[in-house]
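Observations on the model geometry
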Amino acid sequence: MIVAPHPDDEVIGAAALIRALTRRGTTVRVVVVTDGAASHPGSVRWPRRRLVAARRRESRLALRRLGIRADDVTFLSLTDGRVDQMACDRALHREVRRTGRLDLIAGPAAADGHPDHRAVAAALRTCRHPARRLSHQVWPPATRMAGPILALPIAVATKRSLIRVHRTQLGAIGDDPTGFTIARHELDAFARSPERHGFHR
């Protein structure tokens, strides 16, 4: 199970891991925790419902390129930008129980720079399940992780093309000057940095 705090974190943080697993014939489920609606709150042309639907489509499309079927992607729809810890704990614990047999759970690092990512990491940390655990850091992308590391290479062009599927986060929404856009230097860092996953239990 790959747990992404927002739609796009699944490819930014774990594209190489997902590709390595699907190429081995492993069944991979992806859980996207928030609805992704906080990126452009001031947009008139992209009201909340339209933006949430678009971000879900973007995630499914990027994941399909990595061999993940739409049926294996779950959206928990928690509030983006204001993740309630108790709600996150309940939703993720329920999803892990519902999934049943798991041998690996991968999610954001506890020290990630985004509060939603830290909330998801905390929820996974308190989830009682015997699966092995991996964590990855998205913000900031260049931070070194301590402890045993699994480094997974992925071609820069491949990673860049997967991230570019998330057009809503790359300037496609032009009527909200305060909206979030992945900056060019951030896209370069995400695409060029080798994917690093820390082992923990």
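Here the structure is a predicted model, which means the values were calculated and not measured.

**A word on the packing of helix α5 (residues 156-164) against helix α6 (residues 184-192)**
In a pair of packed helices, the angle between the axes and the distance between the axes together describe the arrangement. Orientation of α5 relative to α6, taken along the N-to-C sense of each, is 130 degrees, at an axis distance of 8 Å. Classified by the angle their axes make, α5 and α6 are oblique. In this structure, α5 crosses over α6, and the sense of that crossing is right-handed. In this structure, α5 uses V156, K159, R160, I163 and R164 to contact α6, whose residues at the interface are L187, D188, F190, A191 and R192. Considering only residue class, the contact of α5 with α6 consists of five nonpolar, no polar and five charged.

**What about helix α3 (residues 85-99)?**
Between the first and last C-alpha of α3 there are 21 Å, a value that for 15 residues agrees with the 21 Å anticipated at 1.5 Å per step. Every buried residue belonging to α3 is among C88, A91, L92, H93, E95 and V96, and all of these are buried. The secondary structure elements touched by the buried residues of α3 are β1 (2-4), β2 (30-34), β3 (73-78), β4 (104-108) and α4 (115-125). Its side-chain oxygen placed 3.2 Å from the backbone nitrogen of M86, D84 serves as the N-cap of α3.

**Looking at the side chain of T74**
Within the secondary structure, T74 is located in strand β3. Look at T74 and you get buried, because its relative accessible area is 13%. Of note is the side chain of T74, whose polar atom sits 2.6 Å from the side chain of R29. Ignoring any residue separated from it by four or fewer positions in sequence, one finds T74 in contact with R29, V30, V31, V32, E95 and R98.

**As for helix α2 (residues 48-65)**
Across its 18 residues, α2 extends 26 Å between first and last C-alpha, which sits within 8% of the 26 Å expected from 1.5 Å per residue. Every buried residue of α2 is listed here: L51, V52, A54, R55, E58, S59, A62 and L63. Across the axial projection of α2, the buried residues extend over an arc of 165 degrees, all falling on one side. Every exposed residue of α2 that faces more than 90 degrees away from the buried side is listed here: R49, R57 and R64. In the core, the buried residues of α2 are packed alongside α1 (9-23), β2, β3 and α5. G67 lies just past α2 and shows a positive phi near 90 degrees.

**With respect to the pairing of strand β5 (residues 132-136)**
A large share of β5 lies buried, amounting to four of its five residues. The pairing of β4 with β5 spans five bridges and is classified as parallel. Pairing of I105 across the sheet is with R133, part of β5. Regarding topology, α4 serves as the crossover connection from β4 to the parallel β5, and that connection is right-handed. Two strands pair when backbone bridges link them, and β5 and strand β7 (residues 195-200) are joined in this way by four bridges, in the antiparallel orientation. When the bridges of β7 are listed, H136 appears paired with H197.

Cut-offs applied
- Residues numbered from 1 in each chain as written.
- Predicted model: local features only at pLDDT ≥ 70, side-chain atom pairs only at ≥ 80, totals over all residues.
- Heavy atoms only, no water.
- Axes fitted to C-alpha atoms, helices over the stretch in contact; angles between N-to-C directions.
- Helix = DSSP H or I, 4+ residues; strand = E, 2+ residues; numbered from the N terminus.
- Parallel < 35°, antiparallel > 145°, perpendicular 65-115°, else oblique.
- Left-handed = near helix turned anticlockwise from the far one by under 90°.
- Contact = heavy atoms within 4.5 Å.
- Nonpolar A, V, L, I, M, F, W, Y, C, P; charged D, E, K, R; others polar.
- Expected span 1.5 Å × (residues − 1).
- Buried < 20%, exposed > 50% of the residue type's maximum accessible area, 1.4 Å probe, protein only.
- Polar contact = N/O pair within 3.5 Å; in protein donor to acceptor, adjacent residues only side chain to side chain.
- Arc of directions from axis to C-beta.
- Pairing = 2+ DSSP bridges.
- Right-handed = clockwise from strand over helix to strand, strands pointing away.

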